Amino acid sequence: MPSDSAVKDPLKTYRRKRDFSRTSEPSGDTSAAEVGGGGSRRFVVQRHRARRLHYDFRLEVDGVLVSWAVPKGPTLDPDVRRAAFHVEDHPLEYFDFEGVIPAGEYGGGDVIVWDAGSWEPHQAGKSADPGRAIAAGELHLDMWGEKLSGRFVLVRTSTPASGKDEWLLLHKHDEYAVKGWNAEDHPQSVLSGRTNEEVKTDPDRMWRSDLPAARASIALKAPVVETVGAEELAELDTLAAGGPGGCTAAS
Ligand code: MN
């Protein structure tokens, strides 16, 4: 069960790990309606090369991204169970982040949007409130992604006194199941088609985890804007006036 304070402020842990003292702007305040639109809940799986490679499996629930770190990645193989560690909720702004996190910062490394799509809880005969299902330690869900689809189950297996809850992530035997399917055989981003290495070499964005979520995703490449400078305008004037340098081949 999450503590009372965690229910009131699910991003408390996320914020506590980051330093917002440099700014007084609100952090993580964007509502699900603003970002998500539509009726379906969104999910994202990010392949994250930090100190150790893992996949961050994130489900949009009650305005945050409830997250598990899955070291070997999700699989469509119904005979395989993947260890998953319940980690802190992330702000919705992180949903489509792909780029680099500076070394030395929390989660330093590179991140791609490995898969994304929509999902719905599947709780036959029970409450379909996924927040409650997660708190109770068992969530059945249907996923519609580019790589992941079909019915998955997340089930909590242990709650160590210190550290992160241990869960298992598995795929049910259904028409979307694929024996032998391994996440590492599908390394490309669904956002850019690039691999982690390609993103690391030439990143478009950087995540500043010390900034409020709304401003944490920093563009690293300035858009190319064609401008006509004052000097060029002066030259054009000169040419129009037939002045010095106007029509001579040598100029
Ligand atoms: Mn991660």
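Look up a bit, the structure's there.
Now for a quick tour of the structure.

The rules behind the values
- Counting restarts for each chain: residues are numbered from 1 in the order of the written sequence.
- In view of the model being predicted, local features appear only for residues whose pLDDT reaches at least 70, and side-chain atom pairs are presented and counted only at 80 or more, with totals across whole chains, interfaces and linings using the full set of residues.
- Derived side-chain values reflect all non-hydrogen atoms in the structure, with water molecules and hydrogen atoms excluded from consideration.
- Each helix is a run of H or I in the DSSP string that is no shorter than four residues. Each strand is a run of E no shorter than two, and both are numbered from the N terminus.
- Burial classes follow relative accessibility: with a 1.4 Å probe on protein chains only, a residue under 20% of its type's maximum area counts as buried, one over 50% as exposed, and anything between as partly exposed.
- In what follows, a contact means two residues having at least one pair of non-hydrogen atoms within 4.5 Å.
- Accessible surface is estimated by sampling points in the Shrake-Rupley manner with a 1.4 Å probe; for residues, cover comes only from the protein chains shown.
- Here a strand pair is declared whenever DSSP counts at least two bridges between the two strands.
- A donor here means any N, O or S atom no more than 2.8 Å from the metal (3.2 Å for Na, K and Ca); water is not included, so a site may seem to lack partners.
- In summary, the charge assignment counts Lys and Arg as positive and Asp and Glu as negative, without counting His or the chain termini.
- Criterion for a salt bridge: a side-chain nitrogen of Lys or Arg within 4 Å of a carboxyl oxygen of Asp or Glu.
- By the criterion applied in these results, polar contacts are pairs of N or O atoms within 3.5 Å in which, for protein atoms, one can donate a hydrogen and the other can accept it, and in which residues neighboring in sequence qualify only through two side-chain atoms.

Turning to the overall build of the protein, a few remarks are in order. In terms of regular secondary structure, the protein is built from 7 helices and 11 strands. Counting every position in the protein, which comprises 251 residues, the buried fraction comes to 40%. Put simply, of all contacts in the protein between residues at least 6 apart along the chain, 58% involve residues at least 24 apart. Carbon and sulfur atoms make up 52% of the accessible area of the protein, which totals about 13600 Å².

Successive residues of a regular strand alternate their side chains across the two faces of the sheet. Strand E3 (residues 64-70) sits mainly inside the fold: 7 of its 7 residues count as buried. Where burial is concerned, the two faces of E3 agree: the one with Val 64, Val 66, Trp 68 and Val 70 and the one with Leu 65, Ser 67 and Ala 69 are both buried. As defined by bridge partners, strand E2 (residues 53-61) adjoins E3 across 7 bridges and the pair is classed as antiparallel. Bridging across to E3, Tyr 55 finds its partner in Val 70. Hairpin connection between E2 and E3: a loop of 2 residues separates the two successive antiparallel strands, and Asp 62 in this loop has a positive phi of roughly 50°. Pairing of E3 with strand E4 (residues 81-90), which is carried by 4 bridges, proceeds in the antiparallel orientation. Paired with Leu 65 across the bridge in E4 is His 90.

Turning next to the coordination of the manganese ion. Working reference: metal with six octahedral donors, ideal angles 90 or 180 degrees; metal with four tetrahedral donors, ideal angle 109.5 degrees. Coordination of the manganese ion by the protein comes from His 48 (ND1), His 54 (NE2) and Asp 56 (OD), over a distance range of 2.1 to 2.2 Å. The motif formed by the donor residues of the manganese ion, counted along the single chain, is H-x5-H-x1-D.

Turning our attention to the side chain of Lys 147. Inspection of the secondary structure assignment puts Lys 147 in the loop between strand E7 (138-145) and strand E8 (149-158). One buried charged residue, Lys 147, remains without a salt bridge, the closest side chain of opposite sign being Asp 115 at 6.1 Å. Within polar-contact distance, the side chain of Lys 147 engages the backbone oxygen of Trp 114 at 2.9 Å. A distance of 3.1 Å separates the side chain of Lys 147 from the backbone oxygen of His 186, its partner in a polar contact. Non-local contacts of Lys 147, meaning those with residues more than four positions away in its chain, are made with Leu 76, Trp 114, Asp 115, Trp 181, His 186, Gln 188 and Val 190.

Of note in the backbone geometry, Asp 62 takes a positive phi value of approximately 50° without being a glycine. Here Asp 62 shows up in the loop between E2 and E3.

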